[in-house]
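# Fold and contact review
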Amino acid sequence: MTTRWICFLASLVAVLAVLPADPAHAFGDKVIPQFVNGAGGDGTTFRTKIDITNLGPDPSTRLTKVKVLFFRQNGAPWQVPTGQGNVSEIALNLGPFQTQRIETTGAGALEAGYAIVRNLEGSTVYAEDYQIALTVFYEVLKGGSTIDTVSVPVGAPTLVWVFPAEMAVSQNLLTGLAIVNLSEQQNQVTLELWSATTPLSGAASRAGTTNFSLSARGQAARFLNDASFFPGLANFRGMVLGYSDRPVSILALLQSPTPSGVQYATMVPAYADSLRRNTYLYLRQGYPLDADVPVSDYFLNEDDQIPWDLLYETVSATSRRLVPRQGAGIALIGVRNTSQFDNDVTQEFLRGLSYTPNPVDLSDGSPNLANQMVFAVRTALGRFVKIRIAEVITAGTERDLSLEVFVYR
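Residues numbered from 1 in each chain as written. Predicted model: local features only at pLDDT ≥ 70, side-chain atom pairs only at ≥ 80, totals over all residues. Heavy atoms only, no water.

### Digging into the nonpolar core
Just so we agree on the cut-off: Note on terminology: a nonpolar core comprises buried Ala, Val, Leu, Ile, Met, Phe, Trp, Tyr and Cys residues joined through side-chain atoms within 4.5 Å. Working definition: with a 1.4 Å probe on protein chains only, accessible area under 20% of the residue-type maximum means buried, over 50% means exposed, and in between means partly exposed. Helix numbers and strand numbers start at the N terminus; a helix is a DSSP run of H or I with at least 4 residues, a strand a run of E with at least 2.
Of all hydrophobic cores here, the largest spans 28 residues; its most connected members are Trp161, Ile179, Leu191 and Leu224. Looking at this core element by element, the count peaks at six residues for strand S16 (residues 235–258).

Structure below.
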């Protein structure tokens, strides 16, 4: 096992153990679970780079205050050598659309820890106000030249997840898993191996199942062939399906052999609990709809054109319409019952429709303003969405809509 893998795994294990019971980002924090700096014993040098971008474009309201805090593996403040000096925290004021890079110098012996990026601004009603984007990677140098860069994704809490896996132990090709329990209670976790088979059109075959428990705030970080996971797993290609009783954070890592050693790639799993694409949605008159997600915003910023596909526009006390926005198109289908909406209005059917940027009339007396009326949207991102009016809700002169929405992603 090389210094690089030891550094990554040891750091990640320790960091996951000190994460709070609730996901930090639920409170506006973003946790960087892997942060390294210094010279390793094999002649390599590590330095970590963080790019923080203020997403707010408006100079009058979007100066974003951010603090970056560095911690050792035991949770104590860490004086990290950076371009801003040896510091345990850095305060930033990010102007509109500004990007600030923080990077370590690589000086000193190899050390590992973690960092938290904390947004100190209060929340506002518009999605882009005081929000930041975060990109992190560490750079591996040898002889003054970069030989590898490894991204460090920020995971999301999940209960069901999937990631691809490949194992060839004799070739030093390994897949690893880091998992942290985000709850204050014991958490039961199950991992299933599903082997890719030939022909690929057939079903995958189950190659093994393992169960283990994580203590409150506990973690595990191991290769799949570890004795506590799947001992004796020498060769494998397929996927890992995991699920847990309570929320966890997941990070997978692939170790690949090269002529000069091994390299690593971190992987963010697919979160099965975020794959829902059908929902009921309340669309209030006067407000927009992003059909890709789908979501409506009860604070409409008139300057905020993206990402809305439709605007439920008020024309007068008796006149209203659905207006496509940002290159989206709409096609009126007609009244369909539940079976027809579910089974007949397919993706192939939606692809064959003619979409128009012209508004759909939903004025008083219009046949379009009716329960079970179905229309389709081709979103600005090119997705096809079928929408049915489940109920027209009268609120004074306004007619709000309860919608059934299904997004083909």
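From this point on, the discussion continues.
### Here's the deal with the pattern of salt bridges
Between side chains of opposite charge, a pair can form as their charged atoms come close. Applicable threshold: When a carboxyl oxygen of Asp or Glu lies within 4 Å of a side-chain nitrogen of Lys or Arg, that pair is called a salt bridge.
Following the criterion strictly, the structure yields ten salt bridges and no others. Put simply, Arg383 and Asp292 hold a salt bridge, and the shortest N to O gap is 3.0 Å. Taken as a pair, Arg383 in the loop between strand S26 (373–378) and strand S27 (384–395) and Asp292 in the loop between strand S20 (288–290) and strand S21 (295–296) lie far apart in primary sequence, 91 residues in all. For Arg383, a relative accessible area of 28% gives the class partly exposed. The buried category is assigned to Asp292, whose relative accessible area is 7%. Among the ionic pairs, Asp364 bridges to Arg399, the shortest N-O distance being 3.9 Å. Residue Asp364 is located in the loop between strand S25 (360–361) and S26, and its partner Arg399 is located in strand S28 (residues 398–408); the two are separated by 35 residues in the primary sequence.

### A short note on the pairing of strand S2 (residues 44–54)
Condition: Only strands joined by at least two bridges in the DSSP assignment are considered to pair.
Counting buried positions along S2 gives nine out of eleven residues, so the element sits mostly inside the fold. When S2 meets strand S7 (residues 99–103), the two strands line up antiparallel, connected through five bridges. Bridge pairing in S7 places Ile50 opposite Ile102.

### Structural notes on the sheet that holds strand S19 (residues 278–283)
The criterion, for reference: To define axes, lines are fitted to C-alpha atoms, for helices over the stretch in contact only, and angles between the resulting N-to-C directions are given on a 0 to 180 degree scale.
Pairing is antiparallel across the open sheet formed by five strands, whose spatial order is S19-S28-S27-S26-S24. Of all the strands in the sheet, the pair left with one neighbour each is S19 and strand S24 (329–335). Within the sheet, the average angular offset between the axes of one strand and its neighbour, ignoring direction, is 25°. Note: S27 against S28, eleven bridges, orientation antiparallel. Looking at S28, one finds that Lys386 is bridged to Phe406.

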